[in-house]
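Commentary on secondary and tertiary structure
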Amino acid sequence: MPSSLLRLYPQPFATVPLKGLYLDAPLVPSKPARRLFVYGNFVMSLDGRIAIAQPPDGHQAVPNTTANPHDWRLFQELAGHADVLVSSGRYLRDLAAGQAQDSLPIGSANAFADIRRWRRRNGLKAQPDVVFLSEDLDFSLPQTLLQEGRAISVFTANTPSRERITELAAQGVSVECFVGGGRVDGKDIAARLTALGYRRAYCVAGPQVLHTLVSAGCLDTLFLTTVHRLLGGTDFSTIMQGALLDTPLDYRLRWLYYDAANPAGAGQIFARYDGS
Ligand SMILES: NC(=O)c1ccc[n+]([C@@H]2O[C@H](COP(=O)([O-])OP(=O)(O)OC[C@H]3O[C@@H](n4cnc5c(N)ncnc54)[C@H](OP(=O)(O)O)[C@@H]3O)[C@@H](O)[C@H]2O)c1
């Protein structure tokens, strides 16, 4: 039996299928974007945890108490729209350590074959390109990632050694160095992605990258899944971490769906918020 959700907003209430919910709906609110459209997505607990410390070494990861197949399906559908993903150096270190949640979307599982077909129909590359933000460039890139036909770039506001740049170039990875104290400014990221011809950038990184984008006023839309579970704990991440914003940024609710079935016993809501 296909999974279904209850649409709570906008009204009227309706039962809608999970599959295609984010893929078939327009991502960009108005006319086809001539500028870059930036969006992000998180799954969190009722108490706002997106990642919690894991034994034995305390590295943070998305807990299996919030990760669930329905949210993962929508995470993949959002990637279906992207021409570039924004990820982090930390993701690459987690991947090398076998601690990453999964490979970058679009997943190769049969369950996501319709998303791959959708991309072909809509003239998109099989896989979105990827930009990794990193201050230290202290990571390695696995062969599997290098062989997926993606253009891969690293954005930094540091001055990496010539050897490191040459080493990455030999793997087909371009390194772009920006002005700043290690951390790239969100405005520079958006300007460079636009100059590279990208129009839909999907942030799949965590709280520091989100802060980079939001504090520069670059985040158009936030997709937020809230799993109806309280986790507690003291060593955790929430969706955005960094300096207090000078002025709070307002986002308006655009969609709200209730999933009573998943995760079993709790349920969750899927929300979309658009910047004003
Ligand atoms: N629940 C969810 O939906 C969700 C979603 C995403 C991530 N997560 C979790 O959140 C945790 C953190 O994820 P994450 O490491 O991807 O996210 P992050 O905290 O946003 O990124 C951290 C790393 O990104 C680089 N970075 C961030 N901003 C930068 C900037 N402006 N310029 C240059 N480099 C910058 C740095 O890399 P270097 O250290 O290489 O310099 C930094 O250490 C992980 O446990 C992840 O699983 C959860």
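Our subject in this report is the structure included herewith. (Residues numbered from 1 in each chain as written. Predicted model: local features only at pLDDT ≥ 70, side-chain atom pairs only at ≥ 80, totals over all residues. Heavy atoms only, no water.)

What follows deals with the overall build of the chain. A tally of helices and strands in the chain yields 7 helices and 14 strands. Compactness check: the chain gives a C-alpha radius of gyration of 18 Å against a globular reference of 19 Å for 276 residues, within 12% of the reference. For the chain, the spread of C-alpha atoms along the three principal axes comes to 55 × 45 × 40 Å. Looking at the chain residue by residue over its 276 residues, the buried ones come to 49%. Contacts in the chain between residues far apart in sequence, at least 24 positions, make up 70% of those at least 6 positions apart. For the chain, the accessible surface area stands at approximately 13,600 Å², while carbon and sulfur atoms represent 53% of it. The average position of the 27 basic charges and that of the 25 acidic charges among the side chains of the chain differ by 9 Å. (Helix = DSSP H or I, 4+ residues; strand = E, 2+ residues; numbered from the N terminus. Rg over C-alpha atoms; globule rule 2.2 N^0.38 Å. Buried < 20%, exposed > 50% of the residue type's maximum accessible area, 1.4 Å probe, protein only. Contact = heavy atoms within 4.5 Å. Areas by Shrake-Rupley, 256 points an atom, 1.4 Å probe, with all protein chains shown as cover. Lys, Arg positive; Asp, Glu negative; His and termini not counted. Charge placed at Lys NZ, Arg CZ, Asp CG, Glu CD.)

What follows deals with the pattern of salt bridges. Under the criterion given, the structure shown has 12 salt bridges. Residue K125 is joined to D129 by a salt bridge in which the shortest nitrogen-to-oxygen separation is 2.4 Å. Each of R73, E77 and D114 takes part in salt bridges that share partners, so that together they form one network. (Salt bridge = Lys/Arg side-chain N within 4 Å of Asp/Glu carboxyl O.)

So, about the sheet that holds strand β5 (residues 60-61). The sheet built from 3 strands is open, its strands ordered β5-β4-β12 with antiparallel pairing. The sheet terminates laterally at β5 and β12 (236-237), the two strands that pair on one side only. Where strand β4 (residues 51-53) and β5 come together, 2 bridges link them in antiparallel fashion. When the bridges of β5 are listed, I52 appears paired with A61. (Pairing = 2+ DSSP bridges.)

As a structural note, the neighbourhood of the ligand is formed by 25 residues, with R90, R93, S134, E135 and V209 the closest of them. Within the contact set of the ligand, an oxygen atom lies 2.8 Å away from a backbone nitrogen or oxygen of V43. Considered on its own, the ligand offers 910 Å² of accessible surface; in the complex 92% of this is hidden by protein. When its residues are assigned to classes, the shell around the ligand shows 12 nonpolar, 8 polar and 5 charged. (Near = heavy atom within 4 Å. Polar contact = N/O pair within 3.5 Å; in protein donor to acceptor, adjacent residues only side chain to side chain. Nonpolar A, V, L, I, M, F, W, Y, C, P; charged D, E, K, R; others polar.)

Moving on: the packing of helix α1 (residues 69-80) against helix α3 (residues 113-121). Following both chains from N to C, one finds α1 and α3 inclined at 15°, their axes separated by 9 Å at the closest point. When the axes of α1 and α3 are compared, the pair comes out roughly parallel. Both α1 and α3 take part in a crossing whose hand is right-handed. On the side of α1, the interface is formed by R73, Q76, E77, A79 and G80, while α3 contributes D114, I115, W118 and R119. (Axes fitted to C-alpha atoms, helices over the stretch in contact; angles between N-to-C directions. Parallel < 35°, antiparallel > 145°, perpendicular 65-115°, else oblique. Left-handed = near helix turned anticlockwise from the far one by under 90°.)

Let's shift gears to unusual backbone geometry. In this model, Y9 is joined to P10 through a cis peptide bond whose omega is 0°. Secondary-structure assignment places P10 in the loop between β1 (4-9) and β2 (14-17). With omega at 20°, the peptide bond leading from P105 into I106 counts as cis. Along the polypeptide, I106 turns up in the loop between α2 (89-96) and α3.

Our focus in this paragraph is the pairing of strand β14 (residues 268-275). Pairing of strand β11 (residues 221-227) with β14 involves 7 bridges; the strand directions are antiparallel. Bridging from a neighbouring strand, F223 pairs with R272 of β14. Sheet analysis places strand β13 (residues 251-259) next to β14, joined by 8 bridges and oriented antiparallel. Residue Y257 lies in a different strand from β14, and its bridge partner there is F270.

This part takes up the side chain of H81. Along the chain, the position of H81 falls in the loop between α1 and β6 (84-88). In this structure H81 touches Y22, L23, A25, L27, Y39, W118, R119, L124 and R200, once residues within four positions along its chain are discounted.

Below, the discussion takes up the pairing of strand β9 (residues 173-177). As paired strands, strand β8 (residues 152-156) and β9 are joined by 5 bridges and run parallel to one another. Following the sheet pairing, I152 is matched in β9 by V173. For the crossover that starts at β8, traverses helix α5 (residues 162-170) and ends in the parallel β9, the hand is right-handed. (Right-handed = clockwise from strand over helix to strand, strands pointing away.)

Attention now moves to the sheet that holds β14. Pairing in this open sheet of 11 strands is mixed, and the strands run β2-β1-β13-β14-β11-β3-β10-β6-β7-β8-β9 from one edge to the other. Among the strands making up the open sheet, the edge pair consists of β2 and β9. Strand-to-strand twist in this sheet, taken as the mean axis angle between neighbours without regard to direction, amounts to 25°.

The subject of this paragraph is the environment of G275. Tracing the backbone through its elements, the reader meets G275 in strand β14. Counting along the chain gives 24 residues from G275 to Y251, while the straight-line C-alpha distance between them is 4.4 Å. Setting aside anything within four residues of it in sequence, one finds G275 in contact with D220, D250, Y251 and R252.

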